[in-house]
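An overview of the molecular structure
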2 protein chains.
Amino acid sequence: MFRNDRTGRKKQVCQVAVDVFFEKGYTEASLHDIAARANISKAGIYHYFKTKSEILSCILLGLTEEGFGLVAETVTKAKSEKQDQQDVVAALIKAYAFNILKNQRISLLILRERDQLTPHHRKELLKKERTVFEMVRNELAALPELKTHFNINVITFQVISTIHWMGYWYDPEGLLSVNDVLDQMIETILTGILQNEKTE
Amino acid sequence: MFRNDRTGRKKQVCQVAVDVFFEKGYTEASLHDIAARANISKAGIYHYFKTKSEILSCILLGLTEEGFGLVAETVTKAKSEKQDQQDVVAALIKAYAFNILKNQRISLLILRERDQLTPHHRKELLKKERTVFEMVRNELAALPELKTHFNINVITFQVISTIHWMGYWYDPEGLLSVNDVLDQMIETILTGILQNEKTE
């Protein structure tokens, strides 16, 4: 129980910090702002985090790790259902994108504030991002119909870019549904990288 | 002559400021840092800019405007040579990407520091970005073989995302040449968004 409460409280501090960092910018934001918004004392925050940078690292590394877990799970599930590799890739892209969109503010913070991490934590983040990159690359490389003259790293960057950028421009209040956008994006990517045959 | 000197000096301050903002972050960077690096007095900077935010706005708006001009020029040239619309789009993507890559630091600052602009300048930037978006969209929409069930705004965002993200991950010191990456990206995009026929 105590452990759960502690984890819950720590998570709550992070959630509040996301909004504070997002709205004020990391450098301007203070532990005092976070404490006030989380309705907790500054000492209460020190109970969980030693520095402001530790909170940032917890947020950025947390999302990257969570994203990796979710996408890996989706891929495993799709494979256990013996889905076609194109469907596996489509499921991967959807899971990845949904996680970015569900955490739009954090994914923007990863872009905007990554340089504020300590060198150690920046290295950690990069390591985690590389793991995600490799997972995506492996699934793309497993497409049997992939254009043979294409460089797999460029394809992977292109897929990841398209997803992350969606977190940047996609307006949940807008006219387009997430699923429509994703279906079109997946069709564009698959037709673009596969040999010229019907992909349906 | 005097006017040119003035413009040159102003531009030099901006160039130096790009590096200072990039390395220290906008909030941490001071006019003093910029003056020291530009080998100019602080009063000298005030001669050109009233505030730090004005320098930022000059940098971010400057690149967006320059990008628009370059891309528009490329499109006009390609059309005057009566090039096929696919070639016009390819030329557009290349010109856009080369400009981003030539100004990698500024394009990252546009992402990272745009919220530091004054509301007025942020609105100006958005307006300029919308003009770029519309130009790209118009050229994409003019492709006669475009998939009819696709939403043109999503296609446009996808193209722009791919280009901007390249400024984020592309390593000029790496193994891949810019041209190889761009050729592959253009092929992926065109095959992806055009009806299923040979695009060559």
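Residues numbered from 1 in each chain as written. Chains lettered and ligands numbered in written order. Predicted model: local features only at pLDDT ≥ 70, side-chain atom pairs only at ≥ 80, totals over all residues. Heavy atoms only, no water.

Things to note about the environment of A:Leu63
Residue and element names in this part refer to chain A. Looking at where Leu63 falls in the secondary structure, it is placed in helix H4 (residues 52-80). When its relative accessible area of 7% is taken as the criterion, Leu63 is described as buried. C-alpha of Leu63 to C-alpha of Ser30: the two residues are 33 residues apart in sequence and 22 Å apart in space. (Helix = DSSP H or I, 4+ residues; strand = E, 2+ residues; numbered from the N terminus. Buried < 20%, exposed > 50% of the residue type's maximum accessible area, 1.4 Å probe, protein only.)

Let's talk about the domain arrangement of chain A
Residue and element names in this part refer to chain A. If you check the domain split of chain A, you get domain 1 (1-50) and domain 2 (52-193). Domain 1 and domain 2 are separated by 27 Å when their C-alpha centres are compared. Residue-level contacts link 18 residues of domain 1 with 14 residues of domain 2. Approximately 1,600 Å² of surface area, both sides summed, lies buried where domain 1 meets domain 2, with 68% of it carried by carbon and sulfur atoms. Taken together, domain 1 and domain 2 are joined by three salt bridges. At the surface where domain 1 touches domain 2, the tally comes to ten residue pairs in polar contact (both at pLDDT 80 or more). For the side of domain 1 that touches domain 2, the leading source of residues is helix H1 (residues 2-24), giving eight residues. Split by residue class, the side of domain 1 that touches domain 2 holds 13 nonpolar, two polar and three charged. (Domains from an automatic or database assignment. Contact = heavy atoms within 4.5 Å. Buried area = accessible area lost by both parts, 1.4 Å probe. Salt bridge = Lys/Arg side-chain N within 4 Å of Asp/Glu carboxyl O. Polar contact = N/O pair within 3.5 Å; in protein donor to acceptor, adjacent residues only side chain to side chain. Nonpolar A, V, L, I, M, F, W, Y, C, P; charged D, E, K, R; others polar.)

A word on the interface of chain B and chain A
Taken together, the contact between chain B and chain A spans 34 residues of the former and 34 residues of the latter. Between chain B and chain A lies a buried interface of about 3,600 Å² when both sides are counted; carbon and sulfur atoms form 59% of it. Our count for the chain B to chain A interface comes out at four salt bridges. Here A:Glu187 ties to B:Lys147 by a salt bridge, and the two come within 3.1 Å at their closest N and O atoms. Seen at the junction of chain B and chain A, the total is twelve residue pairs in polar contact (both at pLDDT 80 or more). Only helix H6 (104-113), helix H8 (152-169) and helix H9 (178-193) of chain B provide two or more residues apiece to the side of chain B that touches chain A. The element that contributes the greatest number of residues to the side of chain B that touches chain A is H8(B), accounting for ten residues. A breakdown of the residues in the side of chain B that touches chain A according to their chemical character gives 14 nonpolar, twelve polar and eight charged.

Quick word on the nonpolar core
Counting residues in each nonpolar core, the largest one holds 81 residues, and the members touching the most others are A:Ile193 and B:Ile193. Not counting residues up to four positions away in its chain, the partners in contact with A:Ile193 are A:Leu140, A:Leu143, A:Glu145, A:Leu146, A:Lys147, A:Phe150, A:Ile155 and B:Thr188. (Core = buried A, V, L, I, M, F, W, Y, C linked by side-chain atoms within 4.5 Å.)

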